[in-house]
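The chain contents come next:
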There are 4 protein chains.
Amino acid sequence: SKFEYVKNFEQPDKLLPNTWIVVRIDGRGFTKFSTKYTFSKPNDIRALDLMNAAAKAVVTELPEITIAYGVSDEYSFVFHKTCSLFERRSSKIVSTIVSTFTAYYIHYWSTYFPDTPLSPPLPSFDGRAVCYPSVQNLRDYMSWRQADCHINNLYNTTFWALIQQGGIDALEAEKMLKGTLAADKNEILWSKFNINYNNEPAIYKKGSVVFRDYELVQPGTHNTAAEVDQQAEQVQQSKNQAEKDKKSRAKAQVVIEHLDIIKDEFWDQRPWLLSNKPGKGKALKQT
Amino acid sequence: SKFEYVKNFEQPDKLLPNTWIVVRIDGRGFTKFSTKYTFSKPNDIRALDLMNAAAKAVVTELPEITIAYGVSDEYSFVFHKTCSLFERRSSKIVSTIVSTFTAYYIHYWSTYFPDTPLSPPLPSFDGRAVCYPSVQNLRDYMSWRQADCHINNLYNTTFWALIQQGGIDALEAEKMLKGTLAADKNEILWSKFNINYNNEPAIYKKGSVVFRDYELVQPGTHNTAAEVDQQAEQVQQSKNQAEKDKKSRAKAQVVIEHLDIIKDEFWDQRPWLLSNKPGKGKALKQT
Amino acid sequence: SKFEYVKNFEQPDKLLPNTWIVVRIDGRGFTKFSTKYTFSKPNDIRALDLMNAAAKAVVTELPEITIAYGVSDEYSFVFHKTCSLFERRSSKIVSTIVSTFTAYYIHYWSTYFPDTPLSPPLPSFDGRAVCYPSVQNLRDYMSWRQADCHINNLYNTTFWALIQQGGIDALEAEKMLKGTLAADKNEILWSKFNINYNNEPAIYKKGSVVFRDYELVQPGTHNTAAEVDQQAEQVQQSKNQAEKDKKSRAKAQVVIEHLDIIKDEFWDQRPWLLSNKPGKGKALKQT
Amino acid sequence: SKFEYVKNFEQPDKLLPNTWIVVRIDGRGFTKFSTKYTFSKPNDIRALDLMNAAAKAVVTELPEITIAYGVSDEYSFVFHKTCSLFERRSSKIVSTIVSTFTAYYIHYWSTYFPDTPLSPPLPSFDGRAVCYPSVQNLRDYMSWRQADCHINNLYNTTFWALIQQGGIDALEAEKMLKGTLAADKNEILWSKFNINYNNEPAIYKKGSVVFRDYELVQPGTHNTAAEVDQQAEQVQQSKNQAEKDKKSRAKAQVVIEHLDIIKDEFWDQRPWLLSNKPGKGKALKQT
Ligand SMILES: Nc1nc2c(ncn2[C@H]2C[C@H](O)[C@@H](COP(=O)(O)OP(=O)(O)OP(=O)(O)O)O2)c(=O)[nH]1
Ligand SMILES: Nc1nc2c(ncn2[C@H]2C[C@H](O)[C@@H](COP(=O)(O)OP(=O)(O)OP(=O)(O)O)O2)c(=O)[nH]1
Ligand SMILES: Nc1nc2c(ncn2[C@H]2C[C@H](O)[C@@H](COP(=O)(O)OP(=O)(O)OP(=O)(O)O)O2)c(=O)[nH]1
Ligand SMILES: Nc1nc2c(ncn2[C@H]2C[C@H](O)[C@@H](COP(=O)(O)OP(=O)(O)OP(=O)(O)O)O2)c(=O)[nH]1
Ligand SMILES: O=P(O)(O)OP(=O)(O)OP(=O)(O)O
Ligand SMILES: O=P(O)(O)OP(=O)(O)OP(=O)(O)O
Ligand SMILES: O=P(O)(O)OP(=O)(O)OP(=O)(O)O
Ligand SMILES: O=P(O)(O)OP(=O)(O)OP(=O)(O)O
Ligand SMILES: [Mg+2]
Ligand SMILES: [Mg+2]
Ligand SMILES: [Mg+2]
Ligand SMILES: [Mg+2]
Ligand SMILES: [Mg+2]
Ligand SMILES: [Mg+2]
Ligand SMILES: [Mg+2]
Ligand SMILES: [Mg+2]
Ligand SMILES: [Mg+2]
Ligand SMILES: [Mg+2]
Ligand SMILES: [Mg+2]
Ligand SMILES: [Mg+2]
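Remember, predicted model here, so these are calculated numbers, not experimental data. (Residues numbered from 1 in each chain as written. Chains lettered and ligands numbered in written order. Predicted model: local features only at pLDDT ≥ 70, side-chain atom pairs only at ≥ 80, totals over all residues. Heavy atoms only, no water.)

As a further point, take the site of ligand 5. Residues in close proximity to ligand 5 include A:Arg24, A:Arg128, B:Lys7, B:Glu10, B:Arg89 and B:Lys92, which together make up its full environment. Around ligand 5, the neighbouring residues derive from chains A and B rather than from a single chain. One of the side-chain N or O atoms of A:Arg24 is found 2.7 Å from an oxygen atom in ligand 5. Burial of ligand 5 by the protein chains amounts to 54% of its free accessible area of 330 Å². Split into classes, the residues belonging to the shell around ligand 5 amount to no nonpolar, no polar and six charged. (Near = heavy atom within 4 Å. Polar contact = N/O pair within 3.5 Å; in protein donor to acceptor, adjacent residues only side chain to side chain. Areas by Shrake-Rupley, 256 points an atom, 1.4 Å probe, with all protein chains shown as cover. Nonpolar A, V, L, I, M, F, W, Y, C, P; charged D, E, K, R; others polar.)

Given below as structure tokens:
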């Protein structure tokens, strides 16, 4: 039709090749939302489990995702730097992740909040894509989110202990914590409430990592990061190999863990996360 | 933390000021999805009503949307050219629309498909934003989608009549329709199946328009399009006026209609769609 | 070759269709450069004439430019909103303008500074492209630059009069002018130096406008701005008409004027600047 | 002024951090231009020397450039991935390079073409920026240009030998070369014209590399590429070190060589090109 010229106003938005794509989504107005559904403070295990279930579904549906990391109302999904999903079109990638995540969040809601039906306005998420050129940049991104998790959780744990167990109000608690270091907060928790922060649940302290699981590898055997950084292009695979990889990925179990992803160990033991070559089968996928 | 530098890798993505923003979302793989849930062919009224319900919820939640148009598995949401939602950041706008729409689509599913619970993989939508500088460009965009609706629906109606009532198979139907004009299809429908295409439901022929409803205006009294095009900046409103407009918008009823949006009449009678000034109250919002 | 994949890292950068493209170039480090070649202060007529000669050459070489405006070490070149030069690729357009302008600036240097040969580091210019959706936005852009010219020139004229004729130093002059309004500066010029600012050369007060000249039109006969804003697409011309327009443009004289471009009159008398339809021939081009 | 809002229409265009920036410029319409000034075919040494002189001036003026490569009417300038010139704004970087190059090209013209004054239309260059995430991508980019140089020069050398010495016309020469491999062209040159292609001037066969020169390093001592790829951020230098590096760069001689840049040797011997740490002084800069 004579109206078709308007299609030309669409601007291309392909993300730079050979860079790691991170899509971070974040709950819109979850301060209000968590109040409406009376999430327990500072952490509501149902809310976190629901986030994780939705993220696991996203990772399962999109094999191009190599790892995801979640904390609070946010989740980051990582695509390998060779990924060519949607020809790397940013809008397509971001909207697909956000939409799929939202769909599962709503769908699984009643599983985790069986007694509290959702009502409008419904929860929703914003999303954005960011490119990282090197493995170190990607690792630093992941560390940034997990360090944030640690800082916020230590603060929130102390803050709410002071209120819920210490009986002081929010303003007083805030004043008391102003300028304190991590050690100070640990000390308050221990001396006032007999809480050893180290014994807090890992899901609160570390957040959640979602990935395909294979047999762990002896660290130190090779330097995957350096190899991957030096890779310039998508490795040309035989159709046969591509098929095998695809099957291997489909068979692998998508797990939710609460591990330290800042230190090297996590990455050294799981070279497939950076190399994009599936590891050795571990166990059959349980469904 | 020392990791925070990674935040600088985010690229700004503000959409050009003083342009109309259209966000179009589209069901991902709905060919397969409509088969899985045995949508009736060519149009499944439950599926369309569900799309419309989700779109109405989106328009209701986001007062910055002035009009939306839907057909098949897609919906286009229009933001006025003066809109400053999320400082016009593309990712934020697109992801919010896609997420909110998906949330309502899943949430309302059981209302429209009471006997068919959803199961993974769940439906999801991609989304993109496009900028249009002039009213005519925007009108042409809307016309493009509605002309597409007409062409596809006339084709599909004839195609499925041939199969469902004419008893021929898809290949034969396709061959028969190849190269035919609109008039030919109308003729086939009428002569073979006694179907007057004009009497088909408007929702199939015209698609669906969602907007805030006010009193219709006598066309020809003023040229809103020209005025709006010549507007260079957001009109500075008094706080009082902004407050009044906000209330007026909140009170207005969001309606779903199946009208011709290609001709001038629709726009001439509803100057508020282009001017962004709420019209005169029509009736109290029914909830 | 196996290296060709690197071409895919180029990102498309087409400017939004149906918007006015303004390319503004600006002398790099001209504060230092004007000192090196002892430009007279506040305005050096040789420097301005050289800028204008280079701009005129650019407009002459690129018929897609409809108007250009220059002041100080900067020049803005305007492409009509229907322009499809280089498929509207931003880098191509900006680099071509910057390169062509620089070439003529260096080439004509010796004409305007016959006794002062250039030596490294040579003068150079940065450049950028900006899109404006409506005529009013474009007019406001032009007004912005000319208003800037006026403000700076009135300040500089007074500042340097105080120093050169008033015998005070830069610091004192600055202090004296701090917080003064236009009227105050006019008053200082008049009372202290017997200078009537209105009688200053138009090239200093108004800057320079470069465009193809045709017969002036009686203002008020039609509203070009409204018409142009409502235009949605490039008007499809017959090949014949396109050829005629091209010839008309080639024949037209490119003039350098120092007129008010903030008021309507300038634009109303010269509808071809906004309509992109060449006006009626005025005189033969003098070369 | 009330017009200042138009500044907000400028779109940010920062290039992704931690990626190598390549700015490639290319002569506009040099097919025609080389005819106008009767460049000798296939290579005009004056034209190439002029390109090289302009490139050397650009590299000298912009210490952020680590290496440049030129062939025919094009030049590629490489900025280290940690470069923060103009906050990595693409338009600023591209326009500055293009403008500076053009200025020197015009300025030095009379040195290389003393008997042929330039006349309008003057030569000009387009330019673009491309980002490369890894050293291998950058190396492949450089190899791409040099491989292109080789392919074109072998073809052109044979083509023009056939015409100039073989006395056949362009059409016949083209037909004769269609489908030939490198070996075939070498053979034609040798058997028909007694030309050993290997003995052709390196500037024609290899193009030109421009860089700051330091003492060569024994290859194999360390893996600069891997180190640089793994670098995530600009190394924080002491002010003292930054100052020392700056001086070292200023003192270094900018050389023009005609070396193989596809093989590792060139890069292994000159680690400063990838590391951005100045090498050891070689000799005093001659000016
Ligand atoms: N009580 C409770 N609140 C939570 C939990 N997880 C997240 N939240 C709340 C705490 C924060 O107020 C909010 C997340 O902070 P954000 O910075 O994302 O702010 P918010 O979502 O309100 O605004 P936004 O739309 O993202 O700008 O969600 C939880 O497990 N329990
Ligand atoms: N039976 C039936 N199918 C429908 C209805 N509405 C939409 N569909 C189907 C028809 C098309 O196959 C599909 C929409 O076409 P698209 O071009 O969006 O393709 P699809 O969603 O399969 O792929 P995509 O992921 O958008 O590229 O949805 C309906 O009411 N009834
Ligand atoms: N004396 C004198 N100076 C002039 C004349 N025209 C321009 N200039 C100088 C005055 C300003 O210092 C400078 C233009 O200001 P800009 O804001 O463009 O600064 P500049 O070019 O130094 O730095 P930039 O590289 O543009 O950021 O050029 C003139 O006719 N006479
Ligand atoms: N005779 C001669 N021609 C040369 C020499 N160096 C470059 N050229 C010519 C050969 C090509 O026609 C032209 C470079 O090819 P391009 O692909 O850049 O084409 P051109 O500049 O004509 O068009 P463009 O504006 O870049 O699209 O310059 C030379 O040394 N001698
Ligand atoms: O969401 P973030 O972490 O990027 O940071 P923010 O402060 O929420 O900012 P925005 O969502 O507006 O980018
Ligand atoms: O979805 P559209 O209408 O823009 O067109 P398409 O053919 O589906 O293409 P894509 O979704 O890949 O942009
Ligand atoms: O050059 P302008 O007028 O856009 O403004 P500026 O202050 O020089 O800023 P920049 O050249 O860095 O955009
Ligand atoms: O100049 P190149 O090598 O990028 O390639 P081209 O064929 O000249 O294309 P364009 O200059 O239009 O990008
Ligand atoms: Mg946020
Ligand atoms: Mg949030
Ligand atoms: Mg959050
Ligand atoms: Mg699509
Ligand atoms: Mg679809
Ligand atoms: Mg569709
Ligand atoms: Mg500037
Ligand atoms: Mg300047
Ligand atoms: Mg300036
Ligand atoms: Mg080119
Ligand atoms: Mg060229
Ligand atoms: Mg070339």
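Let's shift gears to the interface of chain C and chain B. In many analyses, interface size is given as the accessible surface area lost on bringing the parts together. Contacts between the two partners involve 16 residues from chain C and, on the opposite side, 16 residues from chain B. Counting each side, the surface lost to burial between chain C and chain B is near 1,100 Å², with a carbon and sulfur contribution of 57%. Considering only the side of chain C, the residues that lose the most area to chain B are C:Leu16, C:Pro133 and C:Gln230, jointly responsible for 39% of the buried surface there. Counting the contacts that link chain C with chain B gives zero salt bridges. Applying the counting rule to chain C against chain B returns four residue pairs in polar contact (both at pLDDT 80 or more). Grouping the constituent residues of the side of chain C that touches chain B by class yields six nonpolar, eight polar and two charged. (Contact = heavy atoms within 4.5 Å. Buried area = accessible area lost by both parts, 1.4 Å probe. Salt bridge = Lys/Arg side-chain N within 4 Å of Asp/Glu carboxyl O.)

A word on the packing of aromatic side chains. In the structure shown here, the tally under the stated rule is 104 aromatic pairs over all chains. Their ring planes at 35 degrees and their centres at 5.5 Å tell us that B:Tyr132 and B:Tyr141 sit as a pair that is tilted. Overall, the relative accessible area of 1% leaves B:Tyr132 in the buried class. For B:Tyr141, a relative accessible area of 1% corresponds to the buried category. Arranged with centres 5.8 Å apart and planes meeting at 65 degrees, the rings of B:Tyr141 and B:Trp144 form a pair that is edge-to-face. With B:Tyr141 and B:Trp144 both in helix 4 (residues 135–164) and three residues apart, the pair spans about one turn of that helix. Per residue, the accessibility class of B:Tyr141 equals that of B:Trp144, and both read buried. One aromatic cluster in this structure is built from A:Phe30, A:Phe33, A:Tyr37, A:Phe39, A:Tyr75, A:Phe77, A:Phe101, A:Tyr105, A:Trp109, A:Phe113 and A:Phe125. Positioned above the aromatic ring of A:Trp144 is the side chain of A:Arg145, whose terminal nitrogen or guanidinium carbon lies 4.3 Å from the ring centre. (Phe/Tyr/Trp six-rings, centres within 6.5 Å; stacked < 30°, edge-to-face > 60°. Buried < 20%, exposed > 50% of the residue type's maximum accessible area, 1.4 Å probe, protein only. Helix = DSSP H or I, 4+ residues; strand = E, 2+ residues; numbered from the N terminus. Lys NZ or Arg CZ within 6 Å of the ring centre and 35° of its normal.)

These two copies of the chain differ by a rotation about an axis and a displacement along the same axis. Least-squares fitting of chain B to chain A yields an RMSD of 0.0 Å, with the superposition described by an axial translation of 0.0 Å and a rotation of 180 degrees. The superposition operator between the copies reduces to a two-fold rotation axis. An overlap of 100% is found between the interface residues of chain B and their copies at the interface of chain A, pointing to a shared contact surface. (Least-squares fit on C-alpha atoms with pLDDT ≥ 70 in both.)

Before going further, it helps to spend a moment on the sheet that holds strand 6 (residues 253–257) of chain A. Two pairing modes exist for strands in a sheet, parallel and antiparallel, and in both the strands are linked by backbone hydrogen bonds. Residues and elements named next belong to chain A. Read across the open sheet, the six strands follow the order 4-1-3-2-5-6; overall the sheet is antiparallel. One side of each edge strand has no neighbouring strand; the edge strands of this open sheet are strand 4 (125–132) and strand 6. Direction aside, the axes of adjacent strands within the sheet are offset by 20 degrees on average. Sitting on the sheet, helix 2 (residues 45–61) is in contact with strand 2 (65–71), strand 3 (74–79), strand 4, strand 5 (208–213) and strand 6, with an inclination near 15 degrees to strand 3. (Pairing = 2+ DSSP bridges. Axes fitted to C-alpha atoms, helices over the stretch in contact; angles between N-to-C directions.)

Attention shifts here to the packing of helix 4 (residues 135–164) of chain A against helix 6 (residues 182–193) of chain A. Residue and element names in this part refer to chain A. Here helix 4 crosses helix 6 at 35 degrees, and the two axes come no closer than 10 Å. Judged by the twist between their axes, the crossing of helix 4 over helix 6 is left-handed. Facing helix 4, whose interface residues are Leu154, Tyr155, Thr157, Thr158, Ala161 and Leu162, helix 6 presents Ala182, Lys185, Asn186, Ile188, Leu189, Lys192 and Phe193. When the residues that make up the contact of helix 4 with helix 6 are grouped by side-chain class, the tally is eight nonpolar, three polar and two charged. (Left-handed = near helix turned anticlockwise from the far one by under 90°.)

We now examine the environment of A:Val23. Residue and element names in this part refer to chain A. Topologically, valine 23 is positioned in strand 1 (residues 20–27). For the pair valine 23 and aspartate 184, spaced 161 residues apart in sequence, the C-alpha separation works out to 35 Å. Discounting residues that sit within four places of it in the chain, valine 23 has contacts with Tyr75, Ser76, Phe77, Phe79, Ile93, Val94, Ile97, Arg128 and Ala129.

The next point concerns the coordination of the magnesium ion (ligand 13). Residue and element names in this part refer to chain B. Here the magnesium ion (ligand 13) is held by Asp26 (OD), Gly27 (O) and Asp73 (OD), and the distances to it run 2.0 to 2.1 Å. Because the angles between the six donor atoms bound to the magnesium ion (ligand 13) fall within 81 to 179 degrees, the donor set is best described as octahedral. For the magnesium ion (ligand 13), all donor residues lie on one chain, and their spacing in sequence is D-G-x45-D. In this structure, the magnesium ion (ligand 13) is positioned 5.7 Å from the magnesium ion (ligand 12). Of the residues examined, aspartate 26 reaches a relative accessible area of 23% and is grouped as partly exposed. (Donors = N, O, S within 2.8 Å, 3.2 Å for Na, K, Ca; no water. Tetrahedral: all angles 85-135°; square planar, octahedral: opposite > 155°, others 65-115°.)

In this section: the sheet that holds strand 2 (residues 65–71) of chain D. Residue and element names in this part refer to chain D. Strands sit in the order 4-1-3-2-5-6 across an open sheet of six strands; the sheet is antiparallel. Single-partner strands in this sheet number two, and they are strand 4 (125–132) and strand 6 (253–257). For this sheet the average axis-to-axis angle between neighbouring strands, irrespective of direction, equals 20 degrees. In terms of strand pairing, strand 5 (residues 208–213) meets strand 6 through five bridges, oriented antiparallel. Across the sheet, the residue bridging to valine 209 is glutamate 257, located in strand 6. Contacts from helix 2 (residues 45–61) reach strand 2, strand 3 (74–79), strand 4, strand 5 and strand 6 within the one sheet, and its direction differs from that of strand 3 by about 15 degrees.

Geometry only, nothing functional implied.
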